[in-house]
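Secondary and tertiary structure notes
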Amino acid sequence: MKKISRRLFLGSVSIVGTGMVLRPGSIWAGKRGLDAKPALLGGEKTVTKRFPRWPFVDTTEEKALLGALHGSGWGRRVKNNAADNFEKNYAKLLGADHCLTVNSGTSALFTMMGALDIGPGDEVILPVYTFIATYNAVVLHNALPIIVDIDPESFQIDPKKMEAAITKETKALMPVHIGGSPANLDAILEIGDRNNLPVIEDACQAHLAEWKGKKVGTFGIGGAFSFQESKNLNCGQGGAITTNNRQFMDACVGFHHQGAVLSDNAYAPGGVRGGNLRMTEFQAAILNAQMTRLEQQAKKRSENAAYLNKMLNEIPGMAPAKLYPGTTNSAYHLYMCRYDSNYFSGMGRARFIEALSAEGIPCSAGYGQMEKTPRVTALAKSRHYLKIYGEKTMKNWLERIQCPQNAKVSTEIAVWFGQTVLLGSKTDMEQIAEAIRKIQKYAKEIKDKAV
Ligand SMILES: Cc1ncc(COP(=O)(O)O)c(C=O)c1O
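As the structure is a computational prediction, the values presented were derived from the model and not from experiment.

So, about the overall build of the chain. Counting its regular elements, the chain contains 16 helices and 13 strands. The C-alpha radius of gyration computed for the chain amounts to 23 Å, which stays within 12% of the reference 22 Å derived for 451 residues, consistent with globular compactness. Principal-axis analysis of the C-alpha atoms places the extent of the chain at approximately 75 × 60 × 40 Å. Per-residue burial for the chain yields a buried fraction of 47% across its 451 residues.

Here it is in structure tokens:
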């Protein structure tokens, strides 16, 4: 693995490089100091309390749910229903002209591709480093998902590789704002313009993230959001589409509601397709209630992330995933960082995560190698895909989707903290840094003790 740049760790050299002893009481030393043994070696856990529970719930949700229960329709039949209200308010908050609720983020992606009349024989480009739903939404249309590699500094799709993957069959570019941080939108939109291809933003993790002061999900032809229960805005399951294009919105409305025709020009020449992908009033009622806390929670995550960034940048071998210069706000659905075992006595990432978890800090290794999972590779043998694309194309497809950068990031480098960790206190952030330093100090012993 490439060593993390000198510049990135300049601040840390004076502390670790000189063997300087930290003063007790400094935020780095933490309450018990750096001499305390890591939990995996029999020491006390750094964090003993729970990080905030998710989701937050109070009487706002209770009232909203009862309102939907006793209202005049559970499936948004009447005017000014909860879903209408949510769509209006979410569009306003994002600065989008239109918003349509659907029953999941996957459905939002699926609907947008349906509205673009994507189907068998078409290719859609997406990043490898994403939740499998991004891929599945393409496969549900029997289109060919072209998985491309990532920028290993940011974990976001690499625009150059995206462009290199374009063929005459490509019908859409589908970047993902992974972790809630914007992908390199300037580069991607430019590629879309130059190649005359629509950009569908998978903003399922990126509620309120901003690129150059404008909310993501409003740049491409449309943006997809998820309200699944782990998300920064959630109602158990749900999703939404945002767009500034009226014709596209009409086509999405039709696709999500049995092909209902709303305007003469809403449909692509492929004809009308559609299903039932609608949101219920109960989901919308909870969303309206959760919306009352969204901005305040987002602010808290951003403040804590900035503080954690500062501390991690001073620990050799740790660095937050890079944000592109156009990023004016990350949603921090995931706080993603980079681990370099060279600075931890060669201790592998799995052992590091074990050690950090033992300190009471919820963390994970994140996504694996999607391009290698049987769920994905089995497509090359799918009866339908062989019929549509032929053996040669499918064999070639397996080669096209290899992602060497992702192989490293997903097996050695990435470390994640979920968004609820960032809803903790400043002290919680300090304890994360404290635990990592403690592990670093004892890395050799922790590594050697591994069975
Ligand atoms: C990047 C990404 N895309 C798509 C989805 C699909 O959303 P849902 O689970 O609401 O279908 C998710 C969420 O789980 C996601 O994280």
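Put simply, Trp54 and Pro55 share a cis peptide bond, and its omega is -5 degrees. Mapped onto the elements of the fold, Pro55 is located in the loop between helix 1 (10–17) and helix 2 (59–70). Positive phi is not limited to glycine here, since Asn196 has a value of about 55 degrees. Structurally, the position occupied by Asn196 is in the loop between helix 7 (185–194) and strand 5 (200–202). The backbone of Tyr332 sits at a positive phi, close to 45 degrees, despite the residue not being glycine. Checked against the element boundaries, Tyr332 lands in the loop between strand 11 (327–329) and strand 12 (334–339).

Quick look at the environment of Trp211 now. By the secondary structure assignment, Trp211 is in strand 6 (residues 210–211). Residue classification places Trp211 among the buried positions, given that 24 C-beta atoms sit within 10 Å. Considering only alpha carbons, one finds Trp211 and Asn329, 118 residues apart in sequence, at a separation of 7.0 Å. If we skip the residues at most four places from it in the chain, Trp211 touches Pro182, Leu185, Val216, Phe219, Gly326, Thr327 and Thr328.

Close to the ligand lie 14 residues, the nearest being Ser104, Gly105, Thr106, Ala133 and Ser226. Mapped onto the shell around the ligand, the elements with two or more residues apiece are helix 4 (105–115) and helix 5 (132–139). Of the residues contributing to the shell around the ligand, the split by class is four nonpolar, nine polar and one charged.

Where helix 2 contacts helix 9 (residues 281–312), the two axes come as close as 8 Å, and the packing angle between them is 155 degrees. Comparing their axes, helix 9 and helix 2 come out roughly antiparallel. In terms of crossing hand, the pair formed by helix 2 and helix 9 is right-handed. Residues Thr60, Glu61, Ala64, Leu65, Gly67 and Ala68 of helix 2 lie in contact with helix 9, whose contacting residues are Glu281, Phe282, Ala285, Ile286, Asn288, Ala289 and Thr292.

On to the nonpolar core. Ranked by internal contacts, the top residues of the largest apolar core, which has 123 residues, are Met112, Met113, Val124 and Tyr335. It is helix 9 that contributes the most residues to this core, nine residues altogether. Shared between two domains, this core takes at least three residues from each, and those domains are domain 1 (7–54 + 293–367 + 409–449) and domain 2 (59–288).

The subject of this paragraph is the pairing of strand 2 (residues 123–127). Here strand 2 lies mainly inside the structure; five of its five residues are buried. Covered by surrounding structure in strand 2 are Glu123, Ile125 and Pro127 together with Val124 and Leu126, the residues of both alternating faces. Relative to strand 3 (residues 144–148), strand 2 runs parallel, the two being bridged by five bridges. From the neighbouring strand, Ile125 faces strand 3, where its bridge partner is Ile146.

Moving on: the sheet that holds strand 12. Paired through their backbone hydrogen bonds, the strands of a sheet run either parallel or antiparallel. Read across the open sheet, the three strands follow the order 10-12-13; overall the sheet is antiparallel. Each having just a single partner strand, strand 10 (318–320) and strand 13 (414–418) make up the two edges of the open sheet. Ignoring which end each strand starts from, the neighbouring axes of this sheet average 30 degrees apart. In terms of strand pairing, strand 12 meets strand 13 through five bridges, oriented antiparallel. Note on strand 13: the bridge partner recorded for Cys337 is Val415.

Our next topic: the packing of helix 10 (residues 349–358) against helix 15 (residues 426–441). Running from N to C, helix 10 and helix 15 cross one another at 130 degrees; their axes reach a closest spacing of 10 Å. Looking at the two axes, helix 10 sits oblique to helix 15. Helix 10 and helix 15 meet at a crossing whose hand is right-handed. Each of Phe352, Ala355 and Leu356 in helix 10 lies in contact with helix 15, whose residues at this interface are Ala435, Ile436 and Ile439. Taken together, the residues of the contact of helix 10 with helix 15 break down into six nonpolar, no polar and no charged.

Before going further, it helps to examine helix 10. An α-helical turn contains 3.6 residues, so a residue and the one three or four places further along point in the same direction. Among all positions of helix 10, only Phe352, Ala355 and Leu356 are buried. Take helix 10 and look down its axis: the buried residues cluster within an arc of 95 degrees, on one side only. Residues of helix 10 that are buried sit in contact with strand 12, helix 15 and helix 16 (443–449).

Moving on, we come to the confidence of the model for the chain. Averaged over all residues, the pLDDT of the chain equals 91, while 90% of them reach at least 70. Low pLDDT, under 50, characterises residues 1–30; the stretch is placed with 38 contacts to residues that sit more than four places away or in other chains.

Moving on to the domain arrangement of the chain. Here the domain parsing of the chain yields domain 1 (7–54 + 293–367 + 409–449) and domain 2 (59–288). The centre of domain 1, based on its C-alpha atoms, is set 33 Å off from the matching centre of domain 2. In this assembly, 21 residues from domain 1 lie in contact with 25 residues from domain 2. Within the residue set of the side of domain 1 that touches domain 2, elements represented by two or more residues are helix 9, strand 11 and strand 12. When the residues that make up the side of domain 1 that touches domain 2 are grouped by side-chain class, the tally is twelve nonpolar, eight polar and one charged.

For Phe155, the position within the fold is in the loop between strand 3 and helix 6 (159–164). Measuring from C-alpha to C-alpha, the distance between Phe155 and Thr134 comes to 15 Å, with 21 residues separating the pair along the chain.

For the rest of this paragraph, the subject is the environment of Tyr385. Its location among the elements puts Tyr385 in helix 12 (residues 383–389). Between the alpha carbons of Tyr385 and Lys171 there is a distance of 17 Å; along the sequence they are 214 residues apart. If sequence neighbours within four positions are ignored, Tyr385 has contacts with Leu379 and Met394.

Rules behind the numbers
Residues numbered from 1 in each chain as written. Predicted model: local features only at pLDDT ≥ 70, side-chain atom pairs only at ≥ 80, totals over all residues. Helix = DSSP H or I, 4+ residues; strand = E, 2+ residues; numbered from the N terminus. Rg over C-alpha atoms; globule rule 2.2 N^0.38 Å. Buried ≥ 20, exposed ≤ 12 C-beta atoms within 10 Å, placed from the backbone. Contact = placed C-beta atoms within 7 Å. Near = placed C-beta within 6 Å. Nonpolar A, V, L, I, M, F, W, Y, C, P; charged D, E, K, R; others polar. Axes fitted to C-alpha atoms, helices over the stretch in contact; angles between N-to-C directions. Parallel < 35°, antiparallel > 145°, perpendicular 65-115°, else oblique. Left-handed = near helix turned anticlockwise from the far one by under 90°. Core = buried A, V, L, I, M, F, W, Y, C linked by C-beta atoms within 7 Å. Domains from an automatic or database assignment. Pairing = 2+ DSSP bridges. Arc of directions from axis to C-beta. pLDDT = per-residue confidence, 0-100.

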